[in-house]
Amino acid sequence: MSAPAGLPPRPAGSATAVYPGGPGASREAAAPPSGAPRYQNGGIDSSQPVHSVSQSVLFTKPGAGTSAPSAAISSVRTPARSLSSQPRSSPSVSQSPESALKEGMQYGGYVNNQASSAPAPLSSSSDDEEEDEEDEEAAIDSSSTTSSASPVLNNYDALEGGGYPDTRSVTSSPVPAPSVPQTSKASKPFGYGYPTLQPGYQNAAPPTPVQHSNPGHHPGFQQYQQQYPGVNQLSSSLGGLSLQHSQQPESLRPVNLTQDRNILPVSSVPAPVPNLNSDLRKLNCSPDSFRCTLTNIPQTQALLNKAKLPLGLLLHPFRDLTQLPVITSSTIVRCRSCRTYINPFVSFIDQRRWKCNLCYRVNDVPEEFMYNPLTRSYGEPHKRPEVQNSTVEFIASSDYMLRPPQPAVYLFVLDVSHNAVEAGYLTIVCQSLLENLDKLPGDSRTRIGFITFDSTVQFYNLQEGLSQPQMLIVSDIDDIFLPTPDSLLVNLHESKELIKDLLNALPNMFTNTRETHSALGPALQAAFKLMSPTGGRISVFQTQLPSLGAGLLHSREDPNQRSSTKVVQHLGPATDFYKKLALDCSGQQTAVDLFLLSSQYSDLASLACISKYSAGCIYYYPSFHRSHNPAQAEKLQKDLKRYLTRKIGFEAVMRIRCTKGLSIHTFHGNFFVRSTDLLSLANVNPDAGFAVQMSIEESLTDTSLVCFQTALLYTSSKGERRIRVHTLCLPVVSSLADVYAGADVQAVVCLLANMAVDRSVSSSLSDARDALVNAVVDSLAAYMSTASNLQQSMLIAPNSLKLFPLYILALLKQKAFRTGTSTRLDDRVYAMCQMKSQPLVHLMKMIHPNLYRIDKLIDEGTIHVNDRVVPQPPLQKLSAEKLTREGAFLMDCGSVFYIWIGKNCDNNFIKDVLGYPNYASVPQKMTQLPEVDTLPSERTQSFISWLRDSRPLSPVLQVIKDENPAKTEFFQHLIEDRTEAAFSYYEFLLNIQQQICK
């Protein structure tokens, strides 16, 4: 029988195919190309040399002979041969740094989703309408390779434009840029001795002028100073409004922590507002996208060290936005020296020149920029949208591409072992894909493919023209190859019916399997080979420990050590296989997202590397079972809907720039570090967060303001190159009191959480815990040393840091860092992964949950959201003393909602909200609230829906009765209470006070 069309000649064994209708059936479409070897009954053409060929087996899945296309999938078992033995080409970068740095672009006004040839009004639009708007910045660092299996040298750095001029070149090493110890004139940055990355711009030589000499020192500089007053003229009078010369701000009000027991606000903690004048404040970047641990930047590293607080940024660069200015222009105006994008905080010296707010170079204003499409007037560059908005998105030209924008490509790699079939996840995944197939982000070029695996790897030929999908099985997993490389990733629209047939058939195809092994590594190797020519997204679903082939793992968890108070082992990977493969994937612009649905230990510490280093996501569903754990099954279904339909950016890079004198030394998140300030993101999604540690390399005494700018270049799912730019402006201060006044306690805690995860893996969990406690002790001791008339018996904090000890205690009791409480190793590692990749707003709910009383929701203080009245109950302390057996309480832990019902809860509430006549009749396992036509039910449902809407992934809901054994999990989140293994909040405060007084 003939091999499928397009099968390449190989020196060793290949695949046979059985089509519906039996082994004797033949298809004209399957005829081999001229000159291709012919294979008979699974054998090998005698003209080909034999190499490690196992016996091929022909079989068809049940129903293979039926006429209904969806009833069967033809299958082939094939011996395997690695493609790696074939010579690979090493494509070179086609674009020179000089051409990449060109500023000219097609400039056609400001539109919503498309470029326009004529000036048009600026469009402010929602993300739902603009998947293409979200993809510009990611492609800047995209790979130009199409066939190389590892990252190759490319000019991404030049493509997006570097920081301050730097002579260092970007290497093509497949491992992250090495940490280089930095010898600085200033003292060491905050960070417990973490290795530092070489600062991106230090002692830079002045740039060579590209077109002509720097016009910044024109003799007439001063005469234009007053022509453009306001936000664009950042003189010292507009800088930080010194706190010393005004009444003491509320943020500096001393709080006696050991006496004031009601420090928790009644509503969520807002981000502090930088101490800028009102004009600058209005223009500043939203803290939801970009915030700093200190909203008052210390003038020197010595002052920062004295404050004992970390300096860093928390980023949520690709988040969903309801209003986003999208700019289509022939010229994207950038500083000629440091490549900063023009923004609201630059200074216009006159109509023709502007001064960069990061490196202070004076630049020419391009002629095209003189026209303002909003006002349709000429000669007002300071009123352009780029200069009026701190978050904008540019539609980029070909200057920002190393290759044509890639199509959206999605590959699903599915575990079909006995364990997976027993868990029942396949039905949910296939059903979700069927429901959302038309909603996958993309265009007419979108491609999709499927791989399944157990002890072998199964591919699916979905090429247009087949009557039904064809399965091709590779059994030699030690030498994996692609049986039909050209027909495994197919156009979604052209092969939609075959794809639907496969999704309908998959859940039942492996029902009777007895195969218990898992060859995850070989399946990932095959996926990498398949995706390398284009890049895209690989979605992997795994249910157990990989047990065969490359990347196999052995159980490292000792269940008897889960509650150890000393050493917690195996937080790092057992093998570098998954990290190396992830770096290869990143080099080919492919991200791997991991869904781990496991009831047993699966070594997430090792598996997570495939996502961490390829800019992927990690989803974890412990004790997953479709029928035994319906809450997790429902969560998977809802998470998949979001996952499959949310916007996505391909072949992305992100660069962070900052005012001269500041430098970056550590990044946190899922990415590949390409250079000192450039992150490679094969995929970027709106749910990903990042953190950056900063240090002050040079004194900032000559400036009253500093700015940070992040630029995300990506390819949208519609094939557009886009650049999303956020700019944050903060004042510089010279006194310790001002530094404390501007502390953002939530940002500080989230940055410390990232640092503590690194310390746990590189050193030990106990070291990380000690460092977290020391962070509180040191900062409060430093603050108290500046205050006078303090008694030794008092523990005083500035109002800005009054929640610092509480949040750190919450962090110590979180699964990632807790000791003395039974914690599964995979659960702990997943919590650490979350710390490193969650945006601040979601991470804070995970660290310090919100507790509300919900049995007495009232109309007072309600808010109106989309014609819905939403109650706003006050926040309660996380302590059992706030619980009453007469009440019902909702705890929002981010990914889980607990509703705790007291034994004496009012029967009216139970009947009106839970739908049961009394407390006794409420079942022990309840994961949904019924729709009851009562006012209490409407209020409760409205409040819970409002909480759900504020996060990307659906939380699991658990109703817990007072005597339910499951209440242990609920009570573990009451972090202000004492446990056998940890302090109560009051004891923790006394411990801090004792350490300060030593």
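What counts, and at which threshold
- Residues numbered from 1 in each chain as written.
- Predicted model: local features only at pLDDT ≥ 70, side-chain atom pairs only at ≥ 80, totals over all residues.
- Heavy atoms only, no water.
- Pairing = 2+ DSSP bridges.
- Helix = DSSP H or I, 4+ residues; strand = E, 2+ residues; numbered from the N terminus.
- Axes fitted to C-alpha atoms, helices over the stretch in contact; angles between N-to-C directions.
- Contact = heavy atoms within 4.5 Å.
- Buried < 20%, exposed > 50% of the residue type's maximum accessible area, 1.4 Å probe, protein only.
- Right-handed = clockwise from strand over helix to strand, strands pointing away.
- Phe/Tyr/Trp six-rings, centres within 6.5 Å; stacked < 30°, edge-to-face > 60°.
- Lys NZ or Arg CZ within 6 Å of the ring centre and 35° of its normal.

Caption draft 1: Inspection of the sheet that holds strand S23 (residues 662-668) at higher detail. Taken together, four strands build an open sheet; the order of strands is S4-S6-S26-S23 and the sheet is antiparallel. Each edge of the sheet is formed by a strand with only one pairing partner; in this case those strands are strand S4 (290-292) and S23. Neighbour to neighbour, the strand axes of the sheet diverge by 25° on average, direction disregarded. Here S4 runs beside strand S6 (residues 312-315); their pairing, made up of three bridges, is antiparallel. Across the sheet, the residue bridging to Phe 290 is Leu 315, located in S6. Packed on one face of the sheet, helix H15 (residues 745-762) meets S4, S6, S23 and strand S26 (690-696) and runs near 95° to S26.

Caption draft 2: Inspection of the pairing of strand S19 (residues 536-542) at higher detail. Within S19, seven of the seven residues are buried, leaving the element largely enclosed by the surrounding structure. Here five bridges tie strand S14 (residues 409-415) to S19, and the two strands are oriented parallel to one another. Bridge pairing in S19 places Leu 411 opposite Ile 538. By the bridge criterion, seven bridges tie S19 to strand S20 (residues 590-596) in an arrangement that is parallel. Bridge assignment links Ser 539 to a residue of S20, and that residue is Asp 593. On the question of chirality, the crossover connecting S19 to the parallel S20 by way of helix H10 (residues 577-587) is right-handed.

Caption draft 3: Broad picture of the sheet that holds strand S9 (residues 353-355). Across the sheet, which stays open at both edges, the three strands sit in the order S8-S9-S10 with antiparallel pairing between neighbours. Both outer strands of the open sheet, strand S8 (347-350) and strand S10 (362-364), are each paired with one neighbouring strand and no more. Direction aside, neighbouring strands of the sheet carry axes that sit 35° apart on average. As paired strands, S9 and S10 are joined by three bridges and run antiparallel to one another. Residue pairing for S10: Trp 354 is matched across the bridge by Asn 363.

Caption draft 4: Quick peek at the side chain of Asn 799. Within the secondary structure, Asn 799 is located in the loop between strand S29 (796-798) and helix H17 (804-812). In contact with Asn 799, other than residues within four places in its own chain, are Glu 250, Ser 251, Leu 252, Arg 253 and Val 255.

Caption draft 5: Region of the structure containing the packing of aromatic side chains. Taken as a whole, this structure holds 22 aromatic pairs when the rule is applied. Between the aromatic rings of Tyr 898 and Phe 970, the centroid separation amounts to 6.1 Å while the plane-to-plane angle is 75°, which identifies the pairing as edge-to-face. Taken together, the residues Tyr 898 in strand S35 (residues 896-901) and Phe 970 in helix H22 (residues 967-972) connect sequence positions 72 residues apart. Owing to a relative accessible area of 4%, Tyr 898 belongs among the buried residues under this scheme. Put simply, the rings of Tyr 425, Phe 541, Phe 595, Tyr 619 and Tyr 643 pair up and form one aromatic cluster. Across from the ring centre of Tyr 341, 4.1 Å away, lies the NZ or CZ of Arg 334, which sits over that ring. Stacked on the ring of Tyr 643, the Lys or Arg Arg 537 has its end atom at 4.2 Å from the ring centre.

Caption draft 6: Highlighting H17. Of all nine residues in H17, nine are buried; the element is thus mostly enclosed. When H17 is considered as a whole, its buried residues turn out to be Phe 804, Pro 805, Leu 806, Tyr 807, Ile 808, Leu 809, Ala 810, Leu 811 and Leu 812.

Everything listed here is a matter of coordinates, which is why it stays silent on function.
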